[in-house]
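Chain by chain, the residues run as shown.
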Amino acid sequence: MKVSSGAAFFILAMSLCVANVARGELGFFPVTDGQPALARAAKSVFRLVAPAGKLIQIDKDKIPQLLEKLSAQKPLEIVLRIQLERCQNSTDAKCVLLDDVTMGTGFLVADGKRMRTAFHVLSDALKLHLYLTRREPLIERRGTGEVVVAEVKKVFLPVVVLDASSQVVFQADAQAVFSLKTPHQNLQVINEDYESKNWDDFIEVDLPRVLGAGLSIATQKPAKDGTVYGIGFPSQSTSRVQFNAPDADGNSQYLSKGKALDVQQVSERSGQEINAATREVYEKSVLLTDVDAMPGSSGGPYLNAAGEVVGLFTMNVTEDENAVTPQTLVTIGPTSARMAEVLDAK
């Protein structure tokens, strides 16, 4: 979610109409309304704040004055402060930074040092890194064919991580660098016209320290109509109250609930045919659900009732999330199997 515009990144352009199909469950609920396994899982789900927007230049002699005005506690200002401090310590004649921020959701896996989120949450930050290095970063490619993972090392990533109580639990500093893994084609992010495909819109960041317990990964994709949960930090909507659905406040962690859909159900909800090539990819690599989400939910985990990760939310299929109805609600993201296929490529 970009703070300045409230718009979601990379929204799938699909015109939806109200069809005579089953209703999704709109609304966002306290995590405590879920089962104990979900409440435990929620402790491993965090809010991410990262730089976004356009690259701008400022004179280095203005940096001290700007730093004096910035808070050391407010996450949005911390992101700007990290960028300014990097500039201050560099030998560059001009300070180049991003002029906005984006907010999303991330969750821990494995040893609790690795965090997964949607690639689009960090894509602008990666653009900044590629610009600052003025060269191709240290990239290791593994895998073949359509399964190629890129491991990018020594990435400047000025991010802030907050827990469910809005406390900052991690913030990068001007010298901090990270390693990350993502589908290799996502590195086309340097092309302004590139949009990550929804089945590959994910990234894994290796953090400097453990932030909590890593979530367990489910081995199977949920069956059609199987219950699916989402945990994230959605922005406030303008429409959920129309359907007497509980809304998010734009600051807190929430639980949403729905079912796994098949391609035919999505076609019925959208009123559009899905071609054979897209159908094949969706059936293999994508989790389709009617779990409610808003900008800010991006990168959050889809979970089963045991609190195991079955996928990662990347987008709401509706062009305008505030125009969602119970009959048209469809959200989408890569399955756990797709993420494992890429991130564990040899």
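Coordinates for the structure precede this section.
Below you will find a few notes about this structure. All residue numbers refer to position in the chain's written sequence, counted from 1. Local features in a predicted model are, by the rule used here, given only for residues with pLDDT of at least 70; side-chain atom pairs are given and counted only at 80 or more, and totals for whole chains, interfaces and linings are based on all residues. To obtain the side-chain values, all non-hydrogen atoms of the structure were included, while hydrogens and water were left out.

1. Digging into the pattern of salt bridges
Threshold: Salt bridge, as applied in this entry: a Lys or Arg side-chain nitrogen positioned within 4 Å of an Asp or Glu carboxyl oxygen. Secondary structure elements follow DSSP: runs of H or I no shorter than four residues count as helices, runs of E no shorter than two count as strands, and numbering proceeds from the N terminus. Buried residues are those whose accessible area, probed at 1.4 Å on protein chains only, stays under 20% of the maximum for their type, while exposed residues exceed 50% and partly exposed ones sit between those limits.
This structure, assessed with the given rule, holds 12 salt bridges. E204 is paired through a salt bridge with R116; the nearest N and O atoms lie 2.7 Å apart. Residue E204 is found in strand β9 (residues 203-206), and its partner R116 is found in strand β3 (residues 114-117); the two are separated by 88 residues along the sequence. Each member of the pair, E204 together with R116, is buried. R269 is the salt-bridge partner of D290, the closest N and O atoms lying 3.4 Å from each other. Here the residue D290 occupies a position in the loop between β12 (286-289) and β13 (301-303), and R269 occupies one in helix α5 (residues 263-270), the gap between them amounting to 21 residues. You can call R269 buried: its relative accessible area is 3%. Connected through salt bridges with shared partners, the residues R114, R116 and E204 form a single ionic network.

2. Remarks on the sheet that holds strand β11 (residues 254-261)
In any sheet, the strands associate via hydrogen bonds between backbone groups, in a parallel or an antiparallel arrangement. Rule in force here: If DSSP finds at least two bridges between two strands, the strands pair. Contact criterion: two residues are considered in contact whenever any of their non-hydrogen atoms come within 4.5 Å of each other. A fitted line through C-alpha atoms represents every axis, and for helices the fit uses only the stretch in contact; the resulting angles, taken between N-to-C directions, go from 0 to 180 degrees.
The strand order across the open sheet formed by 7 strands is β14-β13-β10-β11-β12-β16-β15, and the pairing between neighbours is antiparallel. The open sheet terminates on both sides in strands that have one partner only, identified here as β14 (309-312) and β15 (315-316). As judged from the 2 bridges shared by β15 and strand β16 (residues 331-334), these two strands associate in the antiparallel manner. In the strand pairing of β16, N316 is matched with T331. The sheet contacts of α5 involve β11 and β12, and relative to β11 the element is tilted by about 105 degrees. Most of the contacts of helix α7 (residues 336-343) go to β14, to which it runs at about 75 degrees, and overall it touches β14 and β16.

3. Structural notes on the state of the cysteines
Applied cut-off: When two cysteine sulfur atoms lie within 2.5 Å, the pair is treated as a disulfide.
Applying the stated criterion across every chain yields a total of 1 disulfide. Covalently, C87 is tied to C95 through a disulfide, its sulfur atoms 2.2 Å apart. Taking the sign of the S-S torsion, 75 degrees for the link of C87 and C95, the bridge is right-handed.

4. Points about the packing of aromatic side chains
The cut-off we apply is this: Each aromatic pair joins two rings of Phe, Tyr and Trp (for Trp, the six-membered one) with centres within 6.5 Å, and gets the label stacked for planes under 30 degrees apart, edge-to-face for over 60, and tilted for any other angle. Throughout this description, the term charge over a ring refers to an Arg CZ or Lys NZ atom that lies within 6 Å of the ring centre and within 35 degrees of the ring normal.
Under the definition given, this model contains 3 aromatic pairs. Measuring from centroid to centroid gives 6.4 Å for F28 and Y254, while their planes differ by 65 degrees, and the two rings are edge-to-face. Linking F28 in the segment before α1 (36-42) with Y254 in strand β11, this pair joins segments that are 226 residues apart in sequence. The class of Y254 is buried, set by a relative accessible area of 12%. Ring geometry for F170 versus F178: centroids 6.1 Å apart, planes at 80 degrees, classification edge-to-face. Stacked on the ring of F156, the Lys or Arg R86 has its end atom at 5.9 Å from the ring centre.

5. Observations regarding the environment of R338
The cut-off we apply is this: The definition of a polar contact used here is a pair of N or O atoms within 3.5 Å, where within protein one atom must be able to donate a hydrogen and the other to accept one, and adjacent residues in sequence count solely through side-chain atom pairs.
One can find R338 in helix α7. As a C-alpha pair, R338 and F202 span 136 residues in sequence and 9.9 Å in three-dimensional space. Beyond its immediate chain neighbours, meaning those up to four positions away, R338 contacts E146, V147, W199, D200, F202 and S285. A polar side-chain atom of R338 sits 2.9 Å from a polar atom in the side chain of D200.

6. Concerning the nonpolar core
Note on soluble globular proteins: their nonpolar side chains tend to be buried together. Operational definition: Residues grouped as a nonpolar core are buried Ala, Val, Leu, Ile, Met, Phe, Trp, Tyr and Cys residues, joined through side-chain atoms within 4.5 Å.
One finds M115, L122, L157, F178, L207, L211 and L303 to be the most contacted residues of the largest nonpolar core, which totals 63 residues. Element by element, the count of residues in this core is highest for helix α4 (residues 119-133), at 8 residues. Those residues in contact with M115 that lie beyond four places of it in its chain are F46, L48, G106, F107, L108, V161, I203, E204, V205, L207 and L211. Counting residues in each nonpolar core, the second largest holds 11 residues, with V266, V286, M315 and V330 among its members.

7. Re unusual backbone geometry
For A110, which is not a glycine, the phi torsion comes out positive at approximately 55 degrees. Counting through the fold element by element, A110 comes out in the loop between β2 (94-109) and β3. Notably, N244 is not glycine yet its phi reads approximately 55 degrees, a positive angle. As for its position among the elements, N244 is in the loop between β10 (227-232) and β11.

8. Section: empty space enclosed by the protein
Inclusion rule: Here the term cavity refers to a set of points on a 1 Å grid, laid over the protein atoms alone, in which a 1.4 Å probe fits but cannot get out; the term pocket refers to an open set having protein on both sides within 12 Å along at least five of seven lines, with lining residues being those that place an atom within 4 Å of a point. Grid points are joined across faces, edges and corners, and a volume is the space filled by probe spheres set on the points. Residue polarity is assigned by list, with Asp, Glu, Lys and Arg as charged and Ala, Val, Leu, Ile, Met, Phe, Trp, Tyr, Cys and Pro as nonpolar; anything else, Gly included, falls into the polar class.
Here the structure, examined in full by the defined rule, presents 3 cavities of 30 Å³ or more. Its boundaries defined by the atoms lining it, the largest cavity holds a volume of some 110 Å³. What lines the largest cavity is a set of 17 residues, and nearest its centre among them are G230, I231, S256, D292 and S297. Every element with two or more residues in the lining of the largest cavity is listed here: β10, β11 and β13. Of the residues that constitute the lining of the largest cavity, the class distribution is 11 nonpolar, 5 polar and 1 charged.

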